[in-house]
Amino acid sequence: MKTVKHIDLSTIFVLALLGLFAVLPVIAVAAGQEFYIGQFRRILIFAIAAVSLDLILGYGGMVSLGHAAFMGIGAYVVAILNFHADEGTLLLGFIPGSQNILVTWPAAILASALVALFVGLISLRTSGIYFIMITLAFAQMIYFFFVSLETYGGDDGLRFPGDIPFIDAATDALYEAGYDPVAAYESLFYYLVFAVFAAVLYGAHRLVNSRFGMVIQGCRENERRMRAIGFFTFRYKLVAFVLAGAIGGLAGALFAAHESFISPSIMHWTRSGDLIIMVVLGGMGTLIGPVAGATLFLLLEKFLPDYTEHWPIVFGPILILIVLFAKRGIYGSLLRRHGDGGH
């Protein structure tokens, strides 16, 4: 009976959270509060990044302080290609720019995956504090590299045309049919991000419950034992690290399209810390936990400043209290209370 309650409760929690995301544009438009569409679209983007980090942190036990670098790389790839397309110039003298998301988004994923491969080949030969420091060092090198690119705005960032042609065309059609063009564009773009989010969440669920996912979790628990029974753990961890970097790059591509502006701040080590907080806050190794953590974190970050300019003084204790009284995170503690180990 206890198990049935656990299944029902976890299912209700997941369906309620995903249902909220699914119907939010409809509610926001009906209430005349289209602002919330953009706010929750941003939450979905960071939820994708948090889920990608959870693959290596929650399931693989790899604490990376440089994960935001992959998000930043993906965002800059989209921004730079859009910039060159708008200017009519070639990147590196031979690569044409593009505003087509079928080109820019895969390019962002590929670039982030390649950098993750390089970083992983070096950092995964270490563990513990050494792994943390190496990922941090690489992230900071990447950060300062983009700061130095004056052509693309340097520290001030780069603004670029973030139009998505097929969404623009659909918006025009809805406008002619009598719909508010702003609400139409915001909603269509939101559901595009939501579709990507749902695909990432489903793919991550299949991955962690596969043989590959079991090996990664085994490495987290006892890597020496996994090697002893014949698994080449380095390869498994490297693939997981690259996949996490690629999904982080996808989140960065979405973020660039969302903002139509990008700056090196998106890949600073403090942003990696924010992603870790999101994962821990919601529950490591649960997938839906980082989504809940990203939602709570970003809502607090957004609305607390409306009440006090010293909002970090309030924000910090709230996070501390949640961690103290829900040590496995919001969703992880909920599962544990109903008989599941937090997965």
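One structure accompanies this document, and this report is about it. (Residues numbered from 1 in each chain as written. Predicted model: local features only at pLDDT ≥ 70, side-chain atom pairs only at ≥ 80, totals over all residues. Heavy atoms only, no water.)

1. Things to note about the overall build of the protein chain
When its secondary structure is counted, the protein chain shows 13 helices and four strands. Here the C-alpha radius of gyration of the protein chain, 20 Å, is about what a compact globule of 343 residues would show, namely 20 Å. Along the first, second and third principal axes, the C-alpha set of the protein chain runs to 60 × 50 × 40 Å. Residues counted as buried form 52% of the 343 residues belonging to the protein chain. Accessible surface, the protein chain: about 16,200 Å² in total, of which carbon and sulfur atoms supply 66%. (Helix = DSSP H or I, 4+ residues; strand = E, 2+ residues; numbered from the N terminus. Rg over C-alpha atoms; globule rule 2.2 N^0.38 Å. Buried < 20%, exposed > 50% of the residue type's maximum accessible area, 1.4 Å probe, protein only. Areas by Shrake-Rupley, 256 points an atom, 1.4 Å probe, with all protein chains shown as cover.)

2. A closer look at a nonpolar patch on the surface
Residues Leu110, Leu114, Leu117, Phe118, Leu121 and Ile122 make up a contiguous nonpolar surface patch of about 530 Å² in total accessible area. Tracing the backbone shows leucine 121 in helix α4 (residues 101-123). (Patch = residues over 30% accessible without salt bridge, like charges linked within 9 Å, V, L, I, M, F, W, Y side chains within 5 Å. Salt bridge = Lys/Arg side-chain N within 4 Å of Asp/Glu carboxyl O.)

3. Here we look at helix α9 (residues 233-259)
Given a rise of 1.5 Å per residue, 27 residues ought to cover 39 Å, and the 39 Å separating the end C-alpha atoms of α9 matches this to within 8%. For α9, the buried fraction is high: 23 of the 27 residues fall into the buried class. Looking one or two residues beyond α9, the residue adopting positive phi is serine 260, at roughly 55°. (Expected span 1.5 Å × (residues − 1).)

4. Thoughts on helix α2 (residues 35-57)
For α2, built from 23 residues, the straight-helix expectation of 33 Å at 1.5 Å per residue is met to within 8% by its first-to-last C-alpha distance of 33 Å. Among the 23 residues of α2, 21 are classified as buried, and the element is accordingly described as predominantly covered.

5. A word on the nonpolar core
Grouped together as the largest cluster of nonpolar side chains are 112 residues, with contacts concentrated most on Phe21, Trp105 and Val291. For this core, the element with the highest residue contribution is α9, accounting for 16 residues. Setting aside residues up to four positions removed in sequence, valine 291 forms contacts with Leu17, Phe21, Ala47, Val51, Phe197 and Leu201. (Core = buried A, V, L, I, M, F, W, Y, C linked by side-chain atoms within 4.5 Å. Contact = heavy atoms within 4.5 Å.)

6. Remarks on the side chain of serine 272
Turning to its location among the elements, serine 272 is positioned in helix α10 (residues 269-282). Setting aside residues no more than four positions away along its own chain, serine 272 makes contact with Leu65, Gly66, His67, Ala68 and Ala69.

7. Let's talk about the side chain of glutamine 39
Topologically, glutamine 39 is positioned in helix α2. Those residues in contact with glutamine 39 that sit more than four places away from it in its chain are Leu298 and Lys302.

8. Some thoughts on the packing of aromatic side chains
The description of an aromatic ring pair rests on the distance of the ring centres and on the angle between the ring planes. Scanning all chains against the criterion turns up 17 aromatic pairs. Pairwise contacts between aromatic rings join Phe21, Phe40, Phe194 and Phe197 into one cluster. (Phe/Tyr/Trp six-rings, centres within 6.5 Å; stacked < 30°, edge-to-face > 60°.)

9. Brief notes about the environment of serine 210
Within the secondary structure, serine 210 is located in the loop between α7 (181-208) and α8 (211-228). Of the residues examined, serine 210 reaches a relative accessible area of 24% and is grouped as partly exposed. Of the polar contacts made by the side chain of serine 210, one reaches the backbone oxygen of leucine 207; its length is 2.5 Å. (Polar contact = N/O pair within 3.5 Å; in protein donor to acceptor, adjacent residues only side chain to side chain.)

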